[in-house]
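# A structural walkthrough
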Amino acid sequence: GDSTSEVLDLDENGGFELVVLLQRPHDLDAFQSGDYAGAHLENVAPGTRDVVLRLRELVQIDVFVRAADGTPVESFEALAYDPDGAPSADGSGPGPHSGGQVTLAPPTARFAVAIDAPGFEHASQGPFEVDAPSSLAFVLAPSPSVRGRVLAGGLPVAGASVTAFQRDAGRHEKDGFRVG
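What you see is a predicted model, and the numbers here were worked out from it, not measured in a lab.

The rules behind each value
- Residues numbered from 1 in each chain as written.
- Predicted model: local features only at pLDDT ≥ 70, side-chain atom pairs only at ≥ 80, totals over all residues.
- Heavy atoms only, no water.
- Helix = DSSP H or I, 4+ residues; strand = E, 2+ residues; numbered from the N terminus.
- Contact = heavy atoms within 4.5 Å.
- Areas by Shrake-Rupley, 256 points an atom, 1.4 Å probe, with all protein chains shown as cover.
- Pairing = 2+ DSSP bridges.
- Axes fitted to C-alpha atoms, helices over the stretch in contact; angles between N-to-C directions.
- Core = buried A, V, L, I, M, F, W, Y, C linked by side-chain atoms within 4.5 Å.
- Buried < 20%, exposed > 50% of the residue type's maximum accessible area, 1.4 Å probe, protein only.

## Focus: the overall build of the protein chain
Helix and strand counts for the protein chain come out as 0 helices and 16 strands. For the protein chain, the share of sequence-separated contacts (at least 6 apart) that also reach a separation of at least 24 residues comes to 47%. When the accessible surface of the protein chain is summed, it comes to about 12,200 Å², and 49% of that surface belongs to carbon and sulfur atoms.

## Structural notes on the sheet that holds strand β8 (residues 89-91)
An order of β8-β7-β10-β11 is seen for the 4 strands of this open sheet, with the pairing classed as antiparallel. Each edge of the open sheet is held by one strand with a lone partner, namely β8 and β11 (123-128). Sheet twist, expressed as the mean angle between neighbouring strand axes with direction ignored, is 15°. Relative to β8, strand β7 (residues 77-81) is paired through 3 bridges, and the arrangement is antiparallel. Opposite Ala80, over in β8, you have Asp90 as the bridge partner.

## Notes on the nonpolar core
Within the largest apolar cluster, 20 residues are counted, with the highest numbers of intra-cluster contacts made by Val63, Val113, Ile115, Phe138 and Leu140. Put simply, the parts of the chain that give this core at least two residues each are β6 (61-67), β7, β9 (101-104), β10 (111-116), β11 and β12 (135-140). Here the element with the most residues in this core is β6; it accounts for 4 residues. If near-sequence neighbours (up to four positions away) are discounted, Ile115 is found in contact with Val63, Val65, Phe76, Glu77, Ala78, His122, Ala123, Phe138 and Leu140. Counting residues in hydrophobic clusters, the runner-up holds 5 residues, among them Leu28, Ala30, Ala39 and Val44.

## With respect to the pairing of β11
Bridge count for β10 against β11 is 4 bridges, and the pairing is antiparallel. By the bridge assignment, Phe111 is partnered in β11 with Phe128. Connecting β10 to the antiparallel partner β11 that follows it, the hairpin turn spans 6 residues, and Gly119 within it adopts a positive phi of roughly 90°.

## Some words on the sheet that holds β9
The pairing of strands in a sheet comes from backbone hydrogen bonds and takes either a parallel or an antiparallel form. The 3 strands lie next to each other as β9-β6-β12, forming an open sheet whose pairing is mixed. Edge positions in the sheet fall to β9 and β12, since each has one partner strand and no second. Strand-to-strand, the axes of this sheet are offset by a mean angle of 25°, without reference to chain direction. The sheet contact formed by β6 and β9 spans 4 bridges and is antiparallel.

## Focus: unusual backbone geometry
Geometrically, the link from Gly95 to Pro96 is a cis peptide bond, its omega value of 15° lying close to zero. With respect to the helices and strands, the residue Pro96 is situated in the loop between β8 and β9. Residue Pro127 is reached from Gly126 by a cis peptide bond, and omega for that bond is 10°. Positive phi, normally seen in glycine, also occurs at Asn43, with a value near 55°. Inspection of the secondary structure assignment puts Asn43 in strand β4 (residues 36-44). For Asn43, a relative accessible area of 59% corresponds to the exposed category.

In structure tokens, the structure reads:
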């Protein structure tokens, strides 16, 4: 959304003052990269003087990703993100992830975890807050597919490339990962 405030420096006691430009309630987010998970407060009225944003220690969550037959999926991206849209997340990168496992440190107190793997349906769990688990297991369903053959003059063609696309706004992939 639009930025409607200016952040002034924190003092040695963690104190802050925000000069709000619009005279309506604001949502507040506080982050400190690396050590703590962020805090979030909603509908804080201008003029409020007793706001306390409580950061918490980062939790570590082990994420296990398997196919429906129990085989570990090693090529996937895992993302722990704020479902309310705070601009902070922890991601795994595309892999490979040995044994289908990664560890994430969600940077916000309220978070969800999403998995995107080539050849599988998108999966997510959460949101979590005070009930954050120490591990999450995902069993991925295969994506629908189209199979066939490429022929020329009635004979099979080895090494041909086949590209699928949609004419509407749907799932688009590049190198097997969701891009839109």
